[in-house]
Amino acid sequence: MFTIMAPVGVARLRARLFLLFLCLTLRAGMHQLATATLQGYIGDRDMICPSVCRCDEDFIYCNDRGLSFIPPLPPSASVLYLQNNQINNPGLPTSLERQLAIRVVYLYDNELDEFPVHLPPSIRELHLQDNNIRTIPRSALARMPLLEKLHLDDNSISTVSIEDQAFADNPRLRLLFLSRNHLSSIPSGLPASLEELRLDDNRISTIPTHAFRGLASLRCLVLDGNLLANQRIADDTFSRLSNLTELSLVRNSLQTPPVYLPSAHLQRLSLQENALTHMPRGSLDGMRRLLRLDLSGNNLTTLPRGLFKDLDSLGQLLVRGNPWYCGCNLRWLYDWLHARGNSITVRGLTCHGPDRVRDMALIDLGSEMEECEVVRTAGTRDRVGGGGVDSATTHTPPQGSLFTLRSKRPGLGLPDSGLDYTLSSSGVGKSLALNVKPVSHNSVRVTWSVAQPSSSFRLSWLRLGTGSTMGSITETLVPGDRREYFLNSLQPRSSYIICMVPLAASSESKGGISGDPDSDEAHVCAKAETSDLTPLEEVESDDSKHMTVLALAGIIGGATIIVSLALIFCIFCWCGHRTGHLCSRDHYTRSNSRKNKTYDDYIESGTKKDNTILEIRSPGFQMTPMTACPPMQPKPLREDYIIHTIFPSNGTGVYKGDNQVSNAGHGTNRGYREGGIPDVDYCYT
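In every chain, residue numbers begin from 1 and rise along the written sequence. Restriction of local features to residues with pLDDT of at least 70 applies here, the model being predicted, together with a cutoff of 80 or more for giving and counting side-chain atom pairs; totals for whole chains, interfaces and linings are based on all residues. Hydrogens and water molecules were not included; the side-chain quantities draw on all heavy atoms of the structure.

Student: Lay out the overall build of the chain in plain terms, naming residues and giving numbers.
Tutor: The way it works is that DSSP assigns letters per residue, a run of H or I at least four long becomes a helix, a run of E at least two long becomes a strand, and they are numbered from the N terminus. Within the chain, the secondary structure is distributed over nine helices and 28 strands. Relative to its 685 residues, the chain shows a buried fraction of 38%. A fraction of 59% describes how many contacts in the chain between residues 6 or more apart in sequence connect residues 24 or more apart. The accessible surface values rely on the Shrake-Rupley method and a 1.4 Å probe; as for residues, cover is taken only from the protein chains in view. As displayed, the chain has an accessible area near 38500 Å², and 55% of this comes from carbon and sulfur atoms. For each residue, the accessible area found with a 1.4 Å probe, counting protein chains only, is set against the maximum for its type, and the residue is called buried under 20%, exposed over 50%, and partly exposed in between. Any two residues whose heavy atoms approach within 4.5 Å at even a single point are treated as in contact.

Student: Break down empty space enclosed by the protein for me, with residues and values.
Tutor: Residues are called lining when one of their atoms sits within 4 Å of a cavity or pocket point, these points coming from a 1 Å grid over the protein atoms alone, where a cavity is a set in which a 1.4 Å probe fits but cannot get out and a pocket is an open set with protein on both sides within 12 Å along at least five of seven lines. Grid points are joined across faces, edges and corners, and a volume is the space filled by probe spheres set on the points. Per the counting criterion, the structure on display carries two cavities of 30 Å³ or more. Considered as a void within the structure, the largest cavity measures approximately 60 Å³ in volume. Considering the residues around the largest cavity, the lining is formed by Cys326, Gly327, Cys328, Pro354, Arg356, Val357, Glu368, Met369, Cys372, Arg445 and Glu484. In this classification, Asp, Glu, Lys and Arg are treated as charged, Ala, Val, Leu, Ile, Met, Phe, Trp, Tyr, Cys and Pro as nonpolar, and every other residue, Gly included, as polar. Residues that form the lining of the largest cavity fall into these classes: six nonpolar, one polar and four charged. Considering only enclosed or pocket space, the second largest cavity measures out at about 40 Å³ in volume. Among the residues forming the lining of the second largest cavity, the class breakdown is one nonpolar, one polar and four charged.

Student: Account for the nonpolar core, with residues named and values stated.
Tutor: The nonpolar side chains of soluble globular proteins are, as a tendency, buried together. One finds Phe212, Leu223, Phe238 and Phe308 to be the most contacted residues of the largest nonpolar core, which totals 92 residues. Elements represented by at least two residues in this core include exactly α2 (138-142) and α3 (331-340). Once residues lying within four places of it in the same chain are set aside, the contact partners of Leu223 are Ile186, Leu199, Asp200, Ile204, Ile207, Phe212, Leu228, Phe238, Ser248, Leu249, Val250 and Asn252. Buried Ala, Val, Leu, Ile, Met, Phe, Trp, Tyr and Cys residues that are joined via side-chain atoms within 4.5 Å together make up what is termed a nonpolar core. Of all hydrophobic cores here, the second largest spans 20 residues; its members include Val450, Trp461, Tyr496 and Ala528.

Student: Give me the lowdown on the packing of aromatic side chains, citing residues and values where you can.
Tutor: Pairing of aromatic side chains here covers Phe, Tyr and the six-membered ring of Trp, requires ring centres within 6.5 Å, and sorts the geometry by plane angle: under 30 degrees stacked, over 60 edge-to-face, intermediate tilted. In the structure shown here, the tally under the stated rule is seven aromatic pairs. Centroid distance Tyr81 to Tyr106: 4.9 Å. Interplanar angle 5°. Geometry classified as stacked. Pair noted here: Tyr81 is in strand β3 (residues 79-81) and Tyr106 is in strand β4 (residues 104-106), with a separation of 25 residues, a long-range link. Given the relative accessible area of 18%, Tyr106 is considered buried.

Student: An account of the pairing of strand β24 (residues 495-503) is requested, with residue identities and associated values reported.
Tutor: By the criterion of burial, β24 is predominantly enclosed, with nine of the nine residues buried. Because side chains alternate across β24, one face comprises the buried residues Ser495, Ile497, Cys499, Val501 and Leu503, and the other comprises Tyr496, Ile498, Met500 and Pro502, equally buried. At least two bridges found by DSSP between two strands are what make those strands a pair. Strand direction decides the pairing type here: strand β21 (residues 456-464) and β24, joined by nine bridges, are antiparallel. Paired with Leu459 across the bridge in β24 is Met500. Pairing geometry for β24 and strand β25 (residues 524-529), over six bridges, is antiparallel.

Student: A description of the state of the cysteines should follow, citing residues and the corresponding values.
Tutor: Note on terminology: pairs of cysteine sulfur atoms within 2.5 Å are recorded as disulfides. On inspection of all chains with the given rule, the structure shows four disulfides. One disulfide in the model links Cys326 with Cys351; its S-S distance is 2.0 Å. When the S-S torsion is -100°, as for the bridge of Cys326 with Cys351, the disulfide is left-handed. Placement of Cys326 in the loop between β14 (324-325) and α3 and of Cys351 in strand β16 (residues 351-353) is noted, with a sequence separation of 25 residues between them. Disulfide pairing is shown between Cys499 and Cys525; the S-S distance is 1.8 Å. An S-S torsion of about 105° defines the bridge between Cys499 and Cys525 as right-handed. Highlighted residues: Cys499 in strand β24 and Cys525 in strand β25, separated in sequence by 26 residues. One exposure class covers both Cys499 and Cys525, and it is buried.

Student: Requested: an account of the confidence of the model for the chain, with residues and values cited.
Tutor: Looking at the chain, the pLDDT average stands at 75 and 66% of residues meet or exceed 70. Low pLDDT (under 50) marks residues 644-673, which in the prediction has 32 contacts with non-local residues, meaning those over four places away or in another chain. For every residue, the predictor assigns a confidence score, pLDDT, that lies between 0 and 100. Segment residues 679-685: pLDDT under 50, and 25 contacts once partners within four positions in sequence are set aside and those in other chains are kept.

Student: Residue-level account of the pattern of salt bridges, with values.
Tutor: We count a salt bridge whenever a side-chain nitrogen from Lys or Arg sits within 4 Å of a carboxyl oxygen from Asp or Glu. One pass over the full model with this rule turns up 15 salt bridges. Glu148 is paired through a salt bridge with Arg174; the nearest N and O atoms lie 3.4 Å apart. Of this pair, Glu148 sits in the loop between α2 and β6 (149-151) while Arg174 sits in the loop between β6 and β7 (175-177), and the two are 26 residues apart along the sequence. By relative accessible area, Arg174 is classed as partly exposed at 29%. In this structure, the salt-bridge partner of Asp355 is Arg358, at a minimum N-O distance of 3.1 Å. Given the relative accessible area of 64%, Asp355 is considered exposed.

Student: Describe in detail the environment of Asp294, supporting the description with residues and values.
Tutor: Inspection of the secondary structure puts Asp294 in strand β12 (residues 292-294). The sequence separation of Asp294 and Arg268 amounts to 26 residues, and the corresponding C-alpha distance is 8.4 Å. With sequence-adjacent residues up to four places away left out, Asp294 is seen in contact with Leu269, Ser270, Leu271, Gln272 and Leu318. Polar contact criterion, stated in full: a pair of N or O atoms within 3.5 Å, where within protein one must be able to donate a hydrogen and the other to accept it, and residues adjacent in sequence count only if both atoms are side-chain atoms. Of note is the side chain of Asp294, whose polar atom sits 2.8 Å from the side chain of Ser296.

Given below as structure tokens:
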């Protein structure tokens, strides 16, 4: 029996175990389902977007809503667009510090007047431009150690309002924008990690030596629209920025580019809208990676030879808005541009002088530049014979330093005018070739070439007379980068001796221009004769002289006539005043005011007899002169009158109605006296 029951018990046990396993499995599944459902509900709850905003995954758009505070945000928010609202500092909740997923915050164009302090420490990029922030405290920046980009444009930040070492706790800061604030100097304590610094449109006037110390990683520096001048920039200010690729100094007061610019990696140099009058030779040396050079809006007339010798990578040259003088001084630039061909884009290289090439592009002056070949060939021959090299120098005097000196006792040893000299229209020295050519009856064109560069040239010219007396010498100092000069206002039909001497930098620094005639570098002279006036020019000259004489005679005659008429008029007025018939007041009074009346007649007011005097619609006055004058005698300008009050005979006013009751005394002398009106007054006219 036990043998039969054993299989049945085992089967039941198996069935019960199976049911138990099934129940446990079902229970576990239900528990997992409930857990998943609960987690999903909580997740959906966390991702609730603020009703006033629009959400796109972790991008929250709350901009342009007129908000004054930041609404509750989902924990997954990473980029907040809160610009163009009215959010102020109290509108930043403290709970914002716990939003650890936020990476970028746009809070520009709001009403913040202090640097926000309740921002999450996970921020990498912060936009606070166009607010009214005045200070930058170190404590506020220390809360954001991961900050990489900080925009503080268009605020009210001054140099003294930036706390000392304010950026010391931001070792990752790479970009700092402080444009259009109130800075008067470069902020101190900038982090060494900085790569781009924008300080344009401030009030920075001085840059000391230590301003950019430690900023070896800086690649872009913008200082546009400040008050910078060459005298207030330390010499080695920019030399410390060895990795700089872009430097912008637009809209300042620079006369020359700052010295010792970083050249190893510089790619963009912007110097437009300054006061540049000269580009020293060597100021762009070593800039082999320069791609764009902008010199627009300055006062440059020429560029020294060899300025672009290292600019092999230059692709854009912008020079518009300068008064370029396209003479032989720019022949080297003409050749350089033709050699570069289409690899460079030039904008604005338009000639302003001489007049014959005005408004023409330098690149198009083919025939004009060929005239410089003779001088350049002579200079090449001298350069080969002397063995000189075209070396760069930084001692070129500032452009615009031309001046003229006239002396009766010149220090330059010119030839004696009393001898017969065999001077020609060209002269060649050891290191200078001079060529002169008359252009008109009163001008001569002087061109020259040199074997070695000089800081400047002394140009002297003398008119030869017929006697033994030598006239005065005129001298002028010409910059070393010029190769052409025009002598104007010369005398027609005259012979001139024109001499030139290259000056060294040492002699120029002493301030003298007369030079030493016994020096090793002898002057080079040439002779030029101005042409005679053509018949047409003589006729025009005579006509102009006649016209000048006629104009002067007309002016003198007109002035004489005017003075005579004024004198006659004054005499006539004086005579008339003496006789009393021209300017007498009595004549005017009788002829206009009194007409046919006699002098003693009186005028009764209240009527319309004479409307030219006065019309009074009330109790009037009788005007009687105190002292009668003879009718035909001139009266004095001052007359005395007695004014009597006139009343109607019935004791009423002139326009008083019949149905009105007049009180006692009204309209009588007594009544008027009691009312404050005097009976007799004196009137003076």
